[in-house]
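A look at the structure
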Amino acid sequence: MNVDESLRWILVAGLVTILPVAIYYRLRSQASGERLNRRPEGWFFLLTIRPIGLVYALAVMAFSIDPSWMSWCQFRIPALLRWCGVPFFFVALALLVGVFRTLGDNLTDTVVTRQQHELITRGPYRFMRHPLYTGTLLSAIGVGLITANGLVASSGIIAFGLLLLRSRKEERFLVERFGERYVNYRNRTAAIFPSLGQFRVDSKRVDDFDSRYTR
């Protein structure tokens, strides 16, 4: 079995693990029938995040079915470097499963919260405000290395970058919804990586969501 085939099966195993979990919690969160207005995201994010995310998902699925389908945008890196993507991928899967289980019915795909939305500060959210985005980045790095594919890597990283930009607007809505509770939570946690404070919003600029991610 060559490197492509070995890594393909690892990728398939990971997808078989995460997809049922993601689908279950997505359906569960929508069971109330509440309709969410996504327009507050702004047209830029509405027209970019989901299409790019779809490109990423389709590219990963195509590689999982047959790597030769994606050979047109393959790039050459050492096999050892491709194998380094595996731990990134599985750490991302573990984190994402934890995020889905912790969010439960609070799961949404937009910056708008549900009527019965709860401020989650447990599980992965105890250490970072946006662990779903952390998992997205780790997955993009891991899958990008595993596939050694330009379309997979670029679309994954771009999707994460857009989510990170959107998080500033998301935090504004969370402050409006939860007030001082969220401000205090934000002041004691990092945004993306608990061990790296450079992504944390400056707590002295509560209303300025164009501020730097610093700690």
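Right above here is the structure, for reference.
Structural notes, computed from the coordinates. (Residues numbered from 1 in each chain as written. Predicted model: local features only at pLDDT ≥ 70, side-chain atom pairs only at ≥ 80, totals over all residues. Heavy atoms only, no water.)

Each helix and strand counted, the chain has seven helices and zero strands in total. In the chain, the succession of α and β elements from N to C terminus is α-α-α-α-α-α-α. A buried classification covers 47% of the 215 residues belonging to the chain. Relative to all contacts within the chain whose residues are 6 or more apart in sequence, the contacts with residues 24 or more apart total 74%. Carbon together with sulfur atoms contributes 62% to the accessible area of the chain, which is approximately 11,300 Å² in total. (Helix = DSSP H or I, 4+ residues; strand = E, 2+ residues; numbered from the N terminus. Buried < 20%, exposed > 50% of the residue type's maximum accessible area, 1.4 Å probe, protein only. Contact = heavy atoms within 4.5 Å. Areas by Shrake-Rupley, 256 points an atom, 1.4 Å probe, with all protein chains shown as cover.)

Since the α-helix advances by 3.6 residues per turn, residues separated by three or four positions end up pointing in the same direction. Helix length check: helix H6 (residues 150-178) (29 residues) gives 41 Å between terminal C-alpha atoms against 42 Å at 1.5 Å per residue, within 8%. The principal kink in H6, of about 30°, is found at Ser167. The N-terminus of H6 is capped by Asn149, whose side-chain oxygen sits 3.1 Å from the backbone nitrogen of Leu151. A positive phi of about 60° marks Gly179, the residue just after H6. (Expected span 1.5 Å × (residues − 1). Bend = angle between axes of the 7 residues up to and from the residue. Polar contact = N/O pair within 3.5 Å; in protein donor to acceptor, adjacent residues only side chain to side chain.)

Turning next to the side chain of His130. Position of His130 relative to the elements: it lies in the loop between helix H4 (79-103) and helix H5 (131-147). Excluding its chain neighbours within four sequence positions, the residues that come into contact with His130 are Ser167, Glu170, Glu171, Tyr182, Ala191 and Ile192.

Moving on, we come to the side chain of Arg129. Here Arg129 shows up in the loop between H4 and H5. With a relative accessible area of 4%, Arg129 lands in the buried category. Reaching out from Arg129, the side chain makes a polar contact with the side chain of Glu171 at a distance of 2.7 Å. In this structure the side chain of Arg129 is engaged in a polar contact, spanning 3.4 Å, whose partner is the backbone oxygen of Arg186.

Looking now at the packing of helix H1 (residues 3-29) against helix H3 (residues 49-65). As a packed pair, H1 and H3 sit with axes 8 Å apart at the nearest point and diverge in direction by 125°. Considered as vectors, H1 and H3 are oriented oblique to each other. In this structure, H1 crosses over H3, and the sense of that crossing is left-handed. Facing Asp4, Arg8, Leu11, Val12 and Leu15 of H1, the residues of H3 in contact are Val60, Met61, Phe63, Ser64 and Ile65. Of the residues contributing to the contact of H1 with H3, the split by class is seven nonpolar, one polar and two charged. (Axes fitted to C-alpha atoms, helices over the stretch in contact; angles between N-to-C directions. Parallel < 35°, antiparallel > 145°, perpendicular 65-115°, else oblique. Left-handed = near helix turned anticlockwise from the far one by under 90°. Nonpolar A, V, L, I, M, F, W, Y, C, P; charged D, E, K, R; others polar.)

If you walk through the whole model with that rule in mind, you get four aromatic pairs. Taking 5.2 Å as the distance between ring centres and 70° as the angle between the ring planes, the aromatic pair formed by Phe44 and Phe45 counts as edge-to-face. Cation over ring: Arg8 sits above Trp9, and NZ or CZ is 4.6 Å from the ring centre. (Phe/Tyr/Trp six-rings, centres within 6.5 Å; stacked < 30°, edge-to-face > 60°. Lys NZ or Arg CZ within 6 Å of the ring centre and 35° of its normal.)

Time to look at the pattern of salt bridges. Taken as a whole and judged by the stated rule, the model has nine salt bridges. The partner of Asp4 in a salt bridge is Arg82, and the shortest N-O contact between them spans 2.7 Å. You can see Asp4 sitting in helix H1 and its partner Arg82 sitting in helix H4, a full 78 residues away along the chain. What makes Arg82 buried here is its relative accessible area of 9%. We note a salt bridge from Arg166 to Glu41, for which the minimum N-O separation is 3.4 Å. (Salt bridge = Lys/Arg side-chain N within 4 Å of Asp/Glu carboxyl O.)

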